[in-house]
Amino acid sequence: MAINLRTAAVETREQRLGTITAWDEGTAAKLAEQSEYSRGCGAGCGVGNKGSKLCELESPFTQGGSCAEQVVQGQASGILDAVLVQHSPIGCAANQPMNNTNFRNTLARRGMAVRNSLALSTNLTERDMVYGGVEKLQETIREAYRRHNPKAVFIATSCATGIIGDDVETAAREVQEEIGIPVVPVFCEGFKSKHWSTGFDAIQHGVLRQIVKKNPGKKQEDLVNIIILSGTDVYTPMLAELGLRANLVLNLATIEQLEQMSEAAASVSFCYTLASYFTAALEQEFGVPEIKAPQPYGFAGTDAWLRAIARATNREEVTEAYIAREHARVRPIVEELREQLKGLTGYVAMGASFAHGVVVVLRELGIDVPGTLVFHHDPVYDSGAPERDTLGHLVEETGDVENFTVGIRQHYQFYNLLQRVNPDFIVIRHGGLSPLASRLGKPSLQLGDASFPLGYQGIINLGAEILAVLGQKKFHEDLAAHSSLPYRRSWLDEKDPFALARAAVA
Amino acid sequence: MSAKKTKQIAIYGKGGIGKSTTTSNISAALADAGYKVMQFGCDPKADSTNTLRGGEYIPSVLDLLSEKRRVDAHEAIFLGFGGIYCVEAGGPAPGVGCAGRGIITAVELLKQQRIFEELDLDYVIYDVLGDVVCGGFAVPIREGIAEHVFTVSSADFMAIYAANNLFKGIEKYSNSGGALLGGIIANSMNTDFHREIIDDFAARTKTQIVQYVPRSLTVTQAELQGKTTIEAAPDSAQADVYRALAKRIAEHTDSKVPTALNPKELREWSAGWADQLIEIERASERARVAA
């Protein structure tokens, strides 16, 4: 379904894409087959053009999680010359220290002056819940403007304001007229969507509606929007080889960079979970082509990704030369790494499309990957372009993953999942799962820097890092020998990570 | 998709005042006149559109959402009398959950899926429960949804209090592009003093009476058949009243900001009327004794 920028609130991922958070029926190929890309509409799947309908397990409880609002916090407070206002009780701001750590780390990675992120909370109390929090919100926006003189203010709504029905849209527009900078309400009530990635869509929706230039005066034929997360800037040098400039958004972008997204020659990303909404909407509403290619992981994926950019920007020749140079440089090193990594088994647990990419890289390094956990699954991305079928690409290029699971980052299930495959090491992106792996004696490699496994150099990076991590194996074995898990014997003996969900249905 | 502008109207009123009856008859009269109409019930009871569907309940948007996370809005639209598109927001059982949030969720779902544009509607009529008790119930009068609000009220003071509350809500949102007041639909008007009371309230709040609708057995008979008066008794005098009302609403263009009475004014106003009513009663008693 086409993206609708006319409403203030974004449509959730479940509604747009049919996103699920629990599936455990077997192989990656089976999930790819059940997804929209191969099945298409009308094959007994969803009504109208709502895409495929996957059978989803429903667990009777959740041990821990995140929400769209947390994602919006991280994204909005990472925009350099904007301020985030959280319209919420103060508890929703509990994640701010973590956001700030990420912000500071990314500034350091990108060689920028390290400082704190800028965020305020309206700190809603009992009184505000009864009488409405709109006046407090407007006062907080004015205060944000007075203190920090930003180029824009982003408002993250909360469950509380969603329930009492605060008219945040009108409140934002009134103060916007008063202070003369964009005041962007981002509707990200955590209860709306069961997966936090709707938060990416929510902030992108706000940026598209209120920041991106509606009528760009000029096109910048050498500018490419790259939708990123917190990571090293590997893009600027890579695109420079093709004679292109990278417009890195949203993380550590300026408002000016966001405004000029509509002037770019194309939009691309390393992670289609993250960028699905942005790139599809930029094409649909602003005529900026979305690069339709696999993600840039492993040789084949990176080749295809670069070639698609080259076609969109008329730079085929220079791109082929760059690809050839990189292959010549990287292949011999990868060959050496393959020798050293021979016989190893890895397990990947992270966000969906990023996981698809990391499995590809591990296999490029000759590592066996019999199991993967993705935290959600989008049966299709917003543009519906089959070239972007990241799971299909993984299966076609590198073979099936025998134990492919969709589960929303549940610690208690991770234990059973690892018992299925008994890997030598684990690759994760979110910190929460590695202590469990450690207590099982498994070293884990945390990809805090999202750029780490990307492109040709990413294959080398990941291979070298795995060797380094395996060097700590003894440490993890010692941890395992002297620690225990907090679960009962009955659960530790359970083979099925979704036993509770299946029992609830039976 | 058509470029034509859909006229969106919200009808508010105290529970039990005849709001759904009035709304359904307006919808039916507009459909009879050849317009494409959607009636959108915003009440957890989900019975706004019953008389457009032969007394039948339809699954609400929120029923569908509680069954599955992913809902195609088309599944919540049912055809009623004269091709009227019937939608019920629905909501929780009494005493649980949050009915206001229910309205937000249901309206948002239809907006996001561009249903109003797709169906190329002439009219969307929201039938909204009673007092504007929280933000959710104000959704239809906020910017970008209804442009005109009508309130159904009898001369009963509790109904007038509810109307006055609604006026406060309209005043609040009027500065920010929200809906304005078209006027009062005076329902159950059977005696002169009913008219006098409601006329006086309209004058005090600087609004108008759109139509006086008498209490009528025809309406009850039609409803018992699960029909609107327009459908069941098209030649009745009551049907003419509803058609006249629908015509006024169709022709209505300029809504205004009402002047809601503050609590003290409202108290004094109703106390004044209480004195007058006692005086009317005494006079009629004296007349009876004298006769």
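Counting from 1, residues in each chain are numbered in the order their sequence is written. Labels follow written order: the first chain is A, the first ligand is 1, and so on. Only residues with pLDDT of at least 70 are given local features in this predicted model, and only at 80 or more are side-chain atom pairs given and counted; all residues enter the totals for whole chains, interfaces and linings.

### Quick word on the packing of helix α15 (residues 316-341) of chain A against helix α20 (residues 455-470) of chain A
Residue and element names in this part refer to chain A.
Okay, so step 1: Between N-to-C directions, angles cover 0 to 180 degrees, with each direction set by a line fitted to C-alpha atoms, over the stretch in contact for helices. Strands here are runs of E lasting at least two residues and helices are runs of H or I lasting at least four, both read from the DSSP assignment and numbered beginning at the N terminus. At a minimum axis separation of 9 Å, α15 and α20 run at an interaxial angle of 25 degrees. Taken together, the axis directions place α15 and α20 in an arrangement best described as roughly parallel. Of the two elements, α15 crosses α20, and the hand of that crossing is left-handed. Facing α15, whose interface residues are E326, V330, I333, V334, L337, Q340 and L341, α20 presents Y456, Q457, I459, I460, G463, I466 and L467.
Okay, so step 2: Under the convention adopted here, Pro, Cys and the residues Ala, Val, Leu, Ile, Met, Phe, Trp and Tyr are nonpolar, Asp, Glu, Lys and Arg are charged, and Gly plus all remaining residues are polar. A breakdown of the residues in the contact of α15 with α20 according to their chemical character gives ten nonpolar, three polar and one charged. Roughly parallel refers to an angle under 35 degrees, roughly antiparallel to one over 145, roughly perpendicular to one between 65 and 115, and oblique to any angle outside these ranges. Crossing handedness is read from the near helix: turned anticlockwise from the far helix by less than a right angle, it gives a left-handed crossing, and turned clockwise, a right-handed one. Here, residues touch in the contact sense if the C-beta positions derived from the backbone fall within 7 Å of one another.

### A few points about the interface of chain A and chain B
Okay, so step 1: Chain A puts 20 residues into the contact, and the matching count from chain B is 21 residues.
Okay, so step 2: Counting only elements with at least two residues in the side of chain A that touches chain B, the list comes to α1 (13-17), α8 (159-164) and α9 (168-179) of chain A.
Okay, so step 3: Class assignment of the residues belonging to the side of chain A that touches chain B gives a composition of four nonpolar, nine polar and seven charged.

### Description of the sheet that holds strand β11 (residues 403-406) of chain A
Residue and element names in this part refer to chain A.
Okay, so step 1: Ordered by their spatial adjacency, six strands build an open sheet running β1-β11-β10-β9-β12-β13, and the pairing between neighbours is mixed. In the strand order of this sheet, the two ends are held by β1 (23-26) and β13 (444-446), each with one partner. Neighbour-to-neighbour, the strand axes of the sheet open up by a mean angle of 15 degrees, direction not taken into account.
Okay, so step 2: In the packing of helix α16 (residues 352-364) onto the sheet, the strands contacted are β9 (345-350), β10 (368-374) and β12 (425-428), and the crossing angle to β9 comes to about 165 degrees. The rule for pairing is simple: two strands pair if DSSP sees at least two bridges between them.

### Overview of the domain arrangement of chain B
Residue and element names in this part refer to chain B.
Okay, so step 1: All the domain ranges listed were derived from an automatic or database domain assignment. Here chain B is partitioned into domain 1 (7-260) and domain 2 (264-291).
Okay, so step 2: Placing a centre on the C-alpha atoms of domain 1 and another on those of domain 2 gives a separation of 33 Å.
Okay, so step 3: On the side of domain 2, six residues touch domain 1, which itself brings six residues to the contact.
Okay, so step 4: For the side of domain 1 that touches domain 2, the secondary-structure elements that each account for two or more residues are α5 (157-174) and α6 (192-204).
Okay, so step 5: Class assignment of the residues belonging to the side of domain 1 that touches domain 2 gives a composition of four nonpolar, one polar and one charged.

### Looking at the environment of H411 of chain A
Residue and element names in this part refer to chain A.
Okay, so step 1: Here H411 shows up in helix α18 (residues 411-421).
Okay, so step 2: Sequence spacing of H411 and I90 is 321 residues, and the spatial spacing of their C-alpha atoms is 26 Å.
Okay, so step 3: Residues contacting H411, with those up to four places away along its chain left out, are Q63, G64, G432, L433 and L436.

### Notes on the pairing of strand β6 (residues 220-228) of chain A
Residue and element names in this part refer to chain A.
Okay, so step 1: Direction of pairing for β6 relative to strand β8 (residues 264-269): parallel, over a ladder of five bridges. Among the inter-strand pairings, N225 is bridged to a residue of β8, identified as S267.
Okay, so step 2: Pairing of β6 with strand β7 (residues 245-250) involves six bridges; the strand directions are parallel. For N225, the partnering residue across the bridge sits in β7 and is N247.
Okay, so step 3: With its strands directed away from the observer, a crossover is right-handed exactly when the path from the first strand over the helix to the second travels clockwise. At this point the chain moves from β6, through helix α11 (residues 235-241), to the parallel β7, and the crossover so formed is right-handed.

### A word on the pairing of strand β4 (residues 85-88) of chain B
In the case of a regular strand, side chains alternate between the two sheet surfaces.
All names here are of chain B.
Okay, so step 1: Burial of β4 is two-sided: the residues Y85 and V87 facing one way and the residues C86 and E88 facing the other way are all buried.
Okay, so step 2: With four bridges connecting them, strand β2 (residues 37-42) and β4 associate as parallel partners. From the neighbouring strand, G41 faces β4, where its bridge partner is E88. In this scheme every C-beta is placed from the backbone, and a residue whose C-beta has 20 or more other C-beta atoms within 10 Å is buried, one with 12 or fewer is exposed, and one in between is partly exposed.

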